[in-house]
Protein chains: 6
Amino acid sequence: MVYITRIEHFNAAHKLYNPGWTREKNEEVFGKCANEHWHGHNFDLYVTIKGEPDAETGFVYDVKKLSILIREQVIDKLDHKNLNLDVPFMKDKLCSIENLVIGIWNELEPALPAGIQLHSLKLYETPRIFVEYFG
Amino acid sequence: MVYITRIEHFNAAHKLYNPGWTREKNEEVFGKCANEHWHGHNFDLYVTIKGEPDAETGFVYDVKKLSILIREQVIDKLDHKNLNLDVPFMKDKLCSIENLVIGIWNELEPALPAGIQLHSLKLYETPRIFVEYFG
Amino acid sequence: MVYITRIEHFNAAHKLYNPGWTREKNEEVFGKCANEHWHGHNFDLYVTIKGEPDAETGFVYDVKKLSILIREQVIDKLDHKNLNLDVPFMKDKLCSIENLVIGIWNELEPALPAGIQLHSLKLYETPRIFVEYFG
Amino acid sequence: MVYITRIEHFNAAHKLYNPGWTREKNEEVFGKCANEHWHGHNFDLYVTIKGEPDAETGFVYDVKKLSILIREQVIDKLDHKNLNLDVPFMKDKLCSIENLVIGIWNELEPALPAGIQLHSLKLYETPRIFVEYFG
Amino acid sequence: MVYITRIEHFNAAHKLYNPGWTREKNEEVFGKCANEHWHGHNFDLYVTIKGEPDAETGFVYDVKKLSILIREQVIDKLDHKNLNLDVPFMKDKLCSIENLVIGIWNELEPALPAGIQLHSLKLYETPRIFVEYFG
Amino acid sequence: MVYITRIEHFNAAHKLYNPGWTREKNEEVFGKCANEHWHGHNFDLYVTIKGEPDAETGFVYDVKKLSILIREQVIDKLDHKNLNLDVPFMKDKLCSIENLVIGIWNELEPALPAGIQLHSLKLYETPRIFVEYFG
């Protein structure tokens, strides 16, 4: 079993805001991240799949095809977007990276070809904060 | 003459949008960057000052003091903000990194102590795009 | 289950030296790292916790609070210190990064709030050497 | 149990080419990577071993010795080489990073001293593509 | 005057070899880099242009257009190529990064639109070796 | 004229301390950096030379020879050392990176072969602080 990872990039705006709370409570809990005018990040997304290398190609899965798939299923929906307003799969969810990485998994995993297993996602929000999700 | 650089970080939302143009023209010129719902970035700011090292401290200027000054004069005004809406010194300017780095210079340069020369600013918008400004 | 990681930084001096050995044996085993006058490093510490995102905040645990906790429990005890002389929890231990990462775990793990699980620590000593510890 | 990782570097030429296929099929499947005149990469190899720190040295295994072993067993056979033509352990294999990381494991693992367990290899082909192998 | 930089990536094979010398002399001077079977690298190319930000766009020059221009004029000619065999502008030149960066300048500079000044190129061959050229 | 840069690494202990001052004044001015038990860093040194590429080699100067020269003249004197105690050329100087980069220039510049011009040194003390010196 070999694990192969492709890294893709997107940038987006978001805010951390619970609409069931007052503005004061949002600012108390989320601090600067609750700014009603939004803030944003450059995100790096690591997509790891696993499998046996194919005898004829040497590939677990063609990483160029994986890159195209990630762009179609994930990056095009997130890049230069507002994560709270523009992304259907984040609607009515708190826009934390924890929830974002789960949402990305749910977009990407069903789109992978039969026999290709998604092992993990890793999502950097800043150079010092990232999440990982294994499904 | 020795040049010393301190790197600070902020993240923010913005859009590229000329209010004197139609929405169509903005989208034609600025593409995804014109998204009316904003997008955002992690920015890295390199501040370079120059001078002779002091005989008693070995410092051109205490880099901890420089860090505090950059935070007070620049980072606190930009971090977790909307660059178009929340930043007085970017008001009525196109919110490109070219204009942003000039705006940062104008905030920071007058606040430096007498005898400390600001040599350059370098501002990363993404890991693959940055600007430099020498005043 | 989502894993979230916060990276913190410290720098410190240390030497690799077994007081039960002669100086010659120390130099034979530890080479330049046994220099009696010390050497030092910039260390990067990755702290990974795991859990279910909270329904109201979207957080496994507030990463700003995690950062404060790491600074109080670990960074303040190590930053700009001599790991052999200034750090109570390294007293009478060989000052390898293997022992250091175990010591950091023992400081940090009991201080985490109930319900927050420490998953792993990763500690870079140089850009080409790091250790990981899972408790 | 502590995991310690040493990162080593090599650069090499290769092509992706299945000699049982026509040139057209190779170009269809492997694209630019099938260029008959080769292309190349800077590779970063992460070698992770695991064990209990020794009571007298604090080491799982002396990372300087590990570095020498990796150079002798792996880097000297790959650095500034053509992976398809110059590397006996890649002969008659498709020269993908999946097959390369397995080949490196088979060179390195038997050469480790008794009691030292090889946990994983991680091999970067570009800054955005890497594989991992656990044996 | 603001300087804006776009970073692009390519990978390629090459060798250092002076055809006017014996093989022995080539190996003596160029060492492993003279391997007749080639070796290769991941290259990062920094392209810096300079100018006044435009009043209507805030841009020195649209960095997306710059990226397309660099790809057309440079990256498409170099990526996944053999620099000695496949690249017309390197024909009959020693394939050092010094000569490569000069060759890239000569391809790119005449293709820039009127009024856009190419300030510098920076070319990384490995993470520890790079060249810069100012025309 | 082409500029070529080689990056080398060393790590060392030091403290910032003016022996003409009281301990209190040292702590007031230098803060944690005045810790009498030392602290330390991983340093990255960028050495940039400039010249015309040689017609026969394509080199400004063989970067492998440059690397050996830097190691002999600089790295061997600094790596795994105490900058205040073990380094003759820092004796009786305040051990700031400003003074260190000047000291390194004075060791390296006279040792370069005739015709090779040292253009600049860049010295990283932490990932967020560096100095540059042009002689």
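Being a predicted model, the structure only gives us computed values, none of them experimental.

Participant: I keep staring at the relation of the copies chain A and chain C and nothing clicks. Help me out?
Facilitator: Two copies of the chain are present, and they differ by a rotation about an axis and a shift along that axis. With an axial shift of 0.0 Å and an RMSD of 0.0 Å, the rotation relating chain A to chain C amounts to 120 degrees. Look at the turn and shift together and you get a three-fold axis relating the two.

Participant: Explain the interface of chain A and chain C here, please?
Facilitator: Accessible area lost upon the coming together of the parts serves often as the stated size of an interface. Taken residue by residue, the interface counts 21 residues in chain A and 22 residues in chain C. Summed over both sides, the interface of chain A with chain C buries roughly 1,700 Å², with 57% coming from carbon and sulfur. On the chain A side of the interface with chain C, the three residues burying the most area are A:Glu98, A:Arg128 and A:Phe130, jointly 37% of the side's total. Taken together, chain A and chain C are joined by six residue pairs in polar contact (both at pLDDT 80 or more). Of all elements in the fold, only helix 1 (23-30), helix 3 (97-108) and strand 5 (129-133) of chain A reach the threshold of two or more residues within the side of chain A that touches chain C. Each residue belonging to the side of chain A that touches chain C can be placed in one class, and the counts come to 15 nonpolar, three polar and three charged.

Participant: Would you explain the packing of helix 2 (residues 63-78) of chain F against helix 3 (residues 97-108) of chain F in this entry?
Facilitator: When two helices pack together, their arrangement is given by the angle between the helix axes and the distance between those axes. Residues and elements named next belong to chain F. Where helix 2 contacts helix 3, the two axes come as close as 10 Å, and the packing angle between them is 140 degrees. One element, helix 2, and the other, helix 3, form an angle in the oblique class. Where helix 2 crosses over helix 3, the handedness of that crossing is right-handed. Residue-level contacts link Leu69, Ile70, Gln73, Val74, Lys77 and Leu78 of helix 2 to Leu100, Ile104, Glu107 and Leu108 of helix 3. For the contact of helix 2 with helix 3, a count of residues per class yields seven nonpolar, one polar and two charged.

Participant: In this structure, what is going on with the environment of C:His119? I would like to understand it.
Facilitator: Residue and element names in this part refer to chain C. Residue position: His119 is located in strand 4 (residues 117-126). In this structure His119 comes out as partly exposed when scored by relative accessible area, which is 21%. In the structure, His119 is positioned 86 residues away from Cys33 in sequence and 30 Å away in space, judged by C-alpha atoms. Setting aside chain neighbours within four positions, we find His119 in contact with Tyr3, Thr48, Ile49, Lys50, Trp105, Tyr133 and Phe134.

Participant: Help me out: how do you make sense of the interface of chain A and chain B in this one?
Facilitator: On the side of chain B, 22 residues touch chain A, which itself brings 22 residues to the contact. Interface of chain A and chain B: buried area, both sides summed, is about 1,700 Å²; carbon and sulfur atoms make up 49% of it. Taken as a group, A:His37, A:Asn42 and A:His80 account for 33% of the area that chain A buries against chain B, more than any other trio of residues on that side. Applying the counting rule to chain A against chain B returns two salt bridges. With its nearest N and O atoms 2.5 Å apart, the salt bridge here joins B:Lys32 to A:Asp79. At the boundary of chain A with chain B, the tally comes to 17 residue pairs in polar contact (both at pLDDT 80 or more). Partitioned by chemical class, the residues of the side of chain A that touches chain B number six nonpolar, eleven polar and five charged.

Participant: Hey, could you run me through the pattern of salt bridges in this one?
Facilitator: Two side chains carrying opposite charge are able to pair once their charged atoms lie near each other. Taken as a whole, this structure holds 48 salt bridges over all chains when the rule is applied. Taken together, the shared-partner salt bridges in this structure form one network comprising A:Arg6, A:Glu8 and A:Arg71.

Participant: Hey, could you run me through the relation of the copies chain A and chain B in this one?
Facilitator: Of the transformation placing chain A onto chain B, the axial shift is 0.0 Å and the rotation is 180 degrees, giving an RMSD of 0.0 Å. The symmetry that links the two subunits is that of a two-fold axis. Mapped onto chain B, 100% of the interface residues of chain A again fall at the interface, so both copies present the same surface.

Participant: What is the right way to read the side chain of F:Thr126 from this model?
Facilitator: Topologically, F:Thr126 is positioned in strand 4 (residues 117-126). On the accessibility criterion, F:Thr126 (10% relative accessible area) is buried. At 3.2 Å, the side chain of F:Thr126 and the backbone nitrogen of F:Ile129 are in polar contact. Residues contacting F:Thr126, with those up to four places away along its chain left out, are C:Asn11, C:Asn42 and F:His41.

Thresholds, definitions, all that
Residues numbered from 1 in each chain as written. Chains lettered and ligands numbered in written order. Predicted model: local features only at pLDDT ≥ 70, side-chain atom pairs only at ≥ 80, totals over all residues. Heavy atoms only, no water. Least-squares fit on C-alpha atoms with pLDDT ≥ 70 in both. Contact = heavy atoms within 4.5 Å. Buried area = accessible area lost by both parts, 1.4 Å probe. Polar contact = N/O pair within 3.5 Å; in protein donor to acceptor, adjacent residues only side chain to side chain. Helix = DSSP H or I, 4+ residues; strand = E, 2+ residues; numbered from the N terminus. Nonpolar A, V, L, I, M, F, W, Y, C, P; charged D, E, K, R; others polar. Axes fitted to C-alpha atoms, helices over the stretch in contact; angles between N-to-C directions. Parallel < 35°, antiparallel > 145°, perpendicular 65-115°, else oblique. Left-handed = near helix turned anticlockwise from the far one by under 90°. Buried < 20%, exposed > 50% of the residue type's maximum accessible area, 1.4 Å probe, protein only. Salt bridge = Lys/Arg side-chain N within 4 Å of Asp/Glu carboxyl O.

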